[in-house]
Structure formats: structure tokens, C-alpha cells
Amino acid sequence: EMLRSLVGSEMCIRDRYNEGPNNKIINFIRVKEFDTTVEIPKIFEFTGIGYLGGKTINELINAEADSTKVALVDYQRPNVTITLDRVDPYHIGQLLYLFEVQTAIAGELYNINTFNQPGVEQAKNYTYALMGRAGYEESAAMLNEKMAL
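Residues numbered from 1 in each chain as written. Predicted model: local features only at pLDDT ≥ 70, side-chain atom pairs only at ≥ 80, totals over all residues. Heavy atoms only, no water.

Brief notes about the overall build of the protein
So, step 1. Helix and strand counts for the protein stand at five helices and two strands.
So, step 2. Moving toward the C terminus, one meets the helices and strands of the protein in the order α-β-α-β-α-α-α.
So, step 3. With the C-alpha coordinates of the protein rotated into their principal frame, the extents come out at 60 × 40 × 35 Å.
So, step 4. Of all 149 residues assigned to the protein, the portion counted as buried reaches 17%.
So, step 5. Considering only contacts within the protein whose residues lie at least 6 apart along the sequence, 55% involve residues at least 24 apart.
So, step 6. Of the roughly 11500 Å² that the protein leaves accessible, carbon and sulfur atoms contribute 59%. (Helix = DSSP H or I, 4+ residues; strand = E, 2+ residues; numbered from the N terminus. Buried < 20%, exposed > 50% of the residue type's maximum accessible area, 1.4 Å probe, protein only. Contact = heavy atoms within 4.5 Å. Areas by Shrake-Rupley, 256 points an atom, 1.4 Å probe, with all protein chains shown as cover.)

Here it is as C-alpha cells:
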């Protein structure tokens, strides 16, 4: 049931990307070296997913990414693939930094100051209040009242 749910959700996302507004670039993140390989058990022989038995979740993830990428190209949707050597703090840090730089550059292109976003600042202040930072006591009281509703 969980696998069917994941595939159903993934299909909904594909529809949105392929048939929705063409206003985004889709990023695919691939991993060269998985640190774990998970085999799909051969217990689904008499179901619609029996063909997956004996393959790995790793293969399934890559096949889903490849098929989605080809479908995006069919619908003329821009996409990019980023490949990490492995999932570890160093490579995840590089990926996050890349996205931060992309955001700053996109902001410049769209004439948006990505370093001055009132909604982000408000959320940070609310976090300070909820975590008990000095000087945010009134905000904490207001937030606790709102969250109690």
C-alpha cells in the first residue's frame, strides 16, 4: 500500500510539472554511490508490481528520475541534473550552498532582494520568541495565544 501511495503521489507531481504552468526548472539530484542497497522482496509476483521483485530501491529511484526527466523533455520543460558522489555532510553542504547561490542569482535576475524578505524575518522572530530569546516575551505570549486557538 505504501509503495502504491508513493507512486500515486509521484504521478501527481509529474502531472503538475508536465501539464501545469511552465514556470519552473526541475532539479534532479542523483547519487553515484549509495551507502545502502535495499532489495525489493519477491513477494509481489501475483500483483501489478511483481516485476520489481529482486531489483533494488536504488534502481527504482534512478529509473523514476530518468523516466521523469525524459517526460519533462517531451513536454519541453527545463530541468537540470545534479549528481552527488555520495550522501555525506560534505556533499550535502555543497548542495545547500549551490541552492543558496542559485537563489541569490535568481533574485538579482528578478530584481528581488533575497536577503531582505519580511516573511522570513517574521518567521525568524517568531522562532526566537518560541525558544525564549530575551526581548521576545510579548511575541511569545501572542504566539502562544494564537496557537491555542
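Observations concerning unusual backbone geometry
So, step 1. The backbone of Gln76 sits at a positive phi, close to 55 degrees, despite the residue not being glycine.
So, step 2. Within the secondary structure, Gln76 is located in the loop between helix H2 (57-74) and strand S2 (79-84).
So, step 3. Phi at Asn111 is positive, roughly 60 degrees, even though this residue is not glycine.
So, step 4. Within the secondary structure, Asn111 is located in the loop between helix H3 (89-109) and helix H4 (118-130).
So, step 5. Residue classification places Asn111 among the exposed positions, given a relative accessible area of 73%.

Quick look at a nonpolar patch on the surface
So, step 1. Nonpolar side chains collect at one region of the surface, where Tyr97, Val101, Ile105, Leu109, Tyr110 and Ile112 lie side by side and expose about 690 Å² of accessible area between them.
So, step 2. Here Leu109 lies in helix H3. (Patch = residues over 30% accessible without salt bridge, like charges linked within 9 Å, V, L, I, M, F, W, Y side chains within 5 Å. Salt bridge = Lys/Arg side-chain N within 4 Å of Asp/Glu carboxyl O.)

Overview of H3
So, step 1. The terminal C-alpha atoms of H3 lie 30 Å apart, and with 21 residues this matches the ideal 30 Å at 1.5 Å per residue to within 8%.
So, step 2. Where the residues of H3 are buried, they touch strand S1 (26-31) and S2.
So, step 3. Asn111, located one to two residues past H3, shows a positive phi value of around 60 degrees. (Expected span 1.5 Å × (residues − 1).)

So, the pattern of salt bridges
So, step 1. Evaluated as defined, the whole model comprises three salt bridges.
So, step 2. With a shortest N-O distance of 2.5 Å, Arg30 and Asp66 are connected by a salt bridge. Placement of Arg30 in strand S1 and of Asp66 in helix H2 is noted, with a sequence separation of 36 residues between them.

Regarding the pairing of S1
So, step 1. Pairing of S1 with S2, which is carried by six bridges, proceeds in the parallel orientation. Residue pairing for S2: Asn27 is matched across the bridge by Val80.
So, step 2. As a crossover connection, the stretch from S1 through H2 into S2 is right-handed. (Pairing = 2+ DSSP bridges. Right-handed = clockwise from strand over helix to strand, strands pointing away.)

The analysis is restricted to geometry; functional conclusions fall outside its scope.
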